[in-house]
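What the coordinates show
Take a look at the letters that make up each chain.
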Amino acid sequence: MAEVQWNSGLEVSRWSKELFTEAKKDTYFSRFFGGSGSAIHVLNDLKAAKGKDITVGLKMKIEGDGVTGDGTLAGNEVTIDTYSQTVTLDQLRQGILSTGKMHNKKVLIDFRKEALDSLKIWFAETMEKDMIDTLSGVASTSAGVATYTYGTDCTYAVWNDNGTIQTSSPAAALHATEDYITPELISFAAARAKLIDPKMRPIRQGGKDYYVLIVHPETARELKNNSVWQNAQQYAMPRGKENPLFSGALGMWDGVVVHEHDGIQKCTINSVNANRNLFLGAQAGLVTFGGDHSWHEETVDRGNKLSVSASIIYEMAKAKFNSKDFGVIEMPCAATSMT
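Per chain, the residues get numbers from 1 upward, laid out in the order the sequence is written. Note on the predicted model: pLDDT of at least 70 is required for a residue's local features to be given, and 80 or more for side-chain atom pairs to be given and counted; whole-chain, interface and lining totals, by contrast, use all residues. Side-chain numbers here rest on the full set of heavy atoms in the structure, without hydrogens or water.

1. Comments concerning the side chain of Thr288
By definition, any uninterrupted DSSP run of H or I lasting at least four residues is a helix, any uninterrupted run of E lasting at least two residues is a strand, and each is numbered from the N terminus. Along the polypeptide, Thr288 turns up in strand β16 (residues 285-289). We call a residue buried when its accessible area falls under 20% of the maximum for its residue type, exposed when it is over 50%, and partly exposed in between, using a 1.4 Å probe and counting protein chains only. The exposure class of Thr288 is buried, given its relative accessible area of 0%. Any N or O atom pair separated by 3.5 Å or less is treated as a polar contact, with the protein-specific requirement of one donor-capable and one acceptor-capable atom, and with residues adjacent in sequence counted only for side-chain atom pairs. A distance of 3.0 Å separates a polar side-chain atom of Thr288 from the backbone oxygen of Leu43.

Written out as structure tokens, the structure reads:
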């Protein structure tokens, strides 16, 4: 049986490229990556260029009635309001150390390959959690249980309160059973997205506009048990389901594509088990990469052990312009706990 072979510089390049490609592909949120019209706007300006941060701008639509006929335009022009947000890069690293040559000799395992597979999974899951936490804001904890107050971490939120849809309350509370997710709540969020300031831009796919709702598996279960949702889904999904936006989706309602993800945060509100589901429009999140993953190997303990490590320079942020969330509405829902 062959022992671990130390790599050459060419192998380092190949493994680092594979790590970046696979880790990114394995990230569920990668289906939402794209330009400024996607839910997660990827900024690649710093992949090859030097720099520690990148600034992205938002141009608001101009307003006013304009001038008709021979009316005087001079002095009645309007301004263009713009906002900006700066995303600062940081580095994420992780490493694995082999037990030693004698241990490797005993087993039919390629340590380098196992290290690559483990690092791919770790980077994908860590970066994915980073994105969800960034879009949600991390709820405070008391005695190990997450708690949440509406509006603390998100500018906008919608939820059921005793079956009545709410958008603001100084002492909001959820109630078991009455405050599960419903198609009506999804429709309300879609309408509200078009009316808040700044308006949430929809995600444009195939000439049509969509929003994305990402729900916790507990919320997904409640939605699947809703008879209105059940009856609608056989006709709900549009053509072109191979598009990443629709791939793996639970279904669609009122122009909102619903996805399920177990990384959505759980919390308790009014002692009720709840999920902090995320309703997203275009440019809800920003991600910038300072290059592909780096791969490093070195021997330690006089060459007996192999240390494999990887790193990536990147950052994720929730888009905020004029101190307001630009593309996120939080949708906390009560749900039967499955843990």
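2. A closer look at unusual backbone geometry
Asp197 connects to Pro198 through a cis peptide bond whose omega is 0°. For Pro198, the location among the structural elements is in the loop between α4 (183-193) and β10 (203-205). A positive phi is found at Gln283, a non-glycine position, where the angle reads about 60°. Within the fold, Gln283 resides in the loop between β15 (272-280) and β16. Despite not being glycine, Asn322 shows a phi value in the positive range, around 55°. Positionally, Asn322 belongs in the loop between β19 (320-321) and β20 (324-325).

3. Re the packing of aromatic side chains
Only the six-membered ring of Trp is used, alongside the rings of Phe and Tyr, when aromatic pairs are assigned; centres must lie within 6.5 Å, and planes under 30 degrees apart are stacked while those over 60 apart are edge-to-face, with the rest tilted. The tally for this structure, following the rule as stated, stands at 7 aromatic pairs. An angle of 25° between the planes, with centres 6.4 Å apart, marks the rings of Phe289 and Tyr314 as stacked. Taken together, the positions of Phe289 in strand β16 and Tyr314 in strand β18 (residues 305-318) put the pair 25 residues apart, joining distant regions of the chain. We note that Phe289, like Tyr314, is buried. On the numbers, 5.1 Å between centres and 85° between planes, the contact of Phe321 with Phe326 is edge-to-face.

4. Here's the deal with the side chain of Gln283
You can call Gln283 buried: its relative accessible area is 4%. If near-sequence neighbours (up to four positions away) are discounted, Gln283 is found in contact with Ser36, Ser38, Ala39, His41, Val56, Arg201, Ala319 and Phe326. Two residues form a contact once any of their heavy atoms are found within 4.5 Å.

5. What about the pairing of strand β14 (residues 266-269)?
What you see with β14 is a clean split: Cys267 and Ile269 sit on the buried side and Lys266 and Thr268 on the side with no burial. Following β14, the chain reverses through 2 residues before pairing antiparallel with β15; Asn270 in that reversal takes a positive phi of roughly 55°. We treat two strands as partners when DSSP finds at least two bridges between them.

6. Some words on a nonpolar patch on the surface
A patch consists of residues whose relative accessible area exceeds 30% and which take part in no salt bridge; residues with like charges are grouped when within 9 Å of each other, and nonpolar side chains (Val, Leu, Ile, Met, Phe, Trp, Tyr) when within 5 Å. Areas reported as accessible are Shrake-Rupley estimates using a 1.4 Å probe. Residue values count occlusion only from the protein chains shown. Basic side-chain nitrogens of Lys or Arg form a salt bridge, by our definition, when they fall within 4 Å of a carboxyl oxygen of Asp or Glu. On the surface, Ile62, Val78 and Ile80 cluster together into a nonpolar patch covering about 290 Å² of accessible area. Among the structural elements, Ile62 can be located in the loop between β3 (53-59) and β4 (82-88).

7. Some thoughts on the confidence of the model for the protein
On average, residues of the protein score 82 in pLDDT, and 81% of them are at 70 or above. Taken as a whole, residues 6-10 scores under 50 in pLDDT and shows 9 contacts with residues more than four places along the chain or in a different chain. In predicted models, pLDDT denotes the confidence assigned by the predictor to each residue on a 0 to 100 scale.

8. Topic: the pattern of salt bridges
As enumerated under the stated definition, the model contains 12 salt bridges in all. The closest approach of N and O atoms between Glu222 and Arg221, which form a salt bridge, is 3.6 Å. For Glu222, a relative accessible area of 9% gives the class buried. Its relative accessible area of 36% is what places Arg221 among the partly exposed residues. Two residues, Asp325 and Lys318, come together in a salt bridge whose shortest N-O distance is 3.3 Å. For Lys318, a relative accessible area of 8% puts it in the buried group. Here the salt bridges share partners, and the residues they tie into one network are Lys113, Asp117 and Lys120.

9. A look at the nonpolar core
In this structure, Phe29, Phe32 and Val287 are the most contacted members of the largest nonpolar core, which totals 42 residues. Listing elements by their share of this core, those giving two or more residues are β2 (40-43), α3 (111-136), β11 (208-215), β15, β16 and β18. Considering each element in turn, this core owes the most residues, 9 residues, to α3. Those residues in contact with Phe29 that sit more than four places away from it in its chain are Ile40, Glu128, Met131, Ile132, Leu135, Ile214 and His261. Definition of nonpolar core: a set of buried residues of the types Ala, Val, Leu, Ile, Met, Phe, Trp, Tyr and Cys, connected through side-chain atoms within 4.5 Å. Core analysis: the second largest hydrophobic core is formed by 24 residues, Ile165, Ile181, Val215 and Met331 among them.

10. With respect to α3
To estimate how far a helix should reach, multiply one less than its number of residues by 1.5 Å. Taking 1.5 Å of rise per residue, the 26 residues of α3 would be expected to cover 38 Å, and the 37 Å separating its terminal C-alpha atoms lies within 8% of that figure. Gly137 lies just past α3 and shows a positive phi near 85°.

11. Let's talk about the pairing of β2
Burial of the side chains of β2 extends over both faces: Ile40 and Val42 are buried on one face and His41 and Leu43 on the other. Where strand β1 (residues 33-34) meets β2, 2 bridges bridge the pair, whose relative direction is parallel. Counterpart to Phe33 in the pairing with β2 is Ile40. Relative to β16, β2 is paired through 4 bridges, and the arrangement is parallel. Across the sheet, residue Val42 finds its bridge partner in β16, namely Val287.

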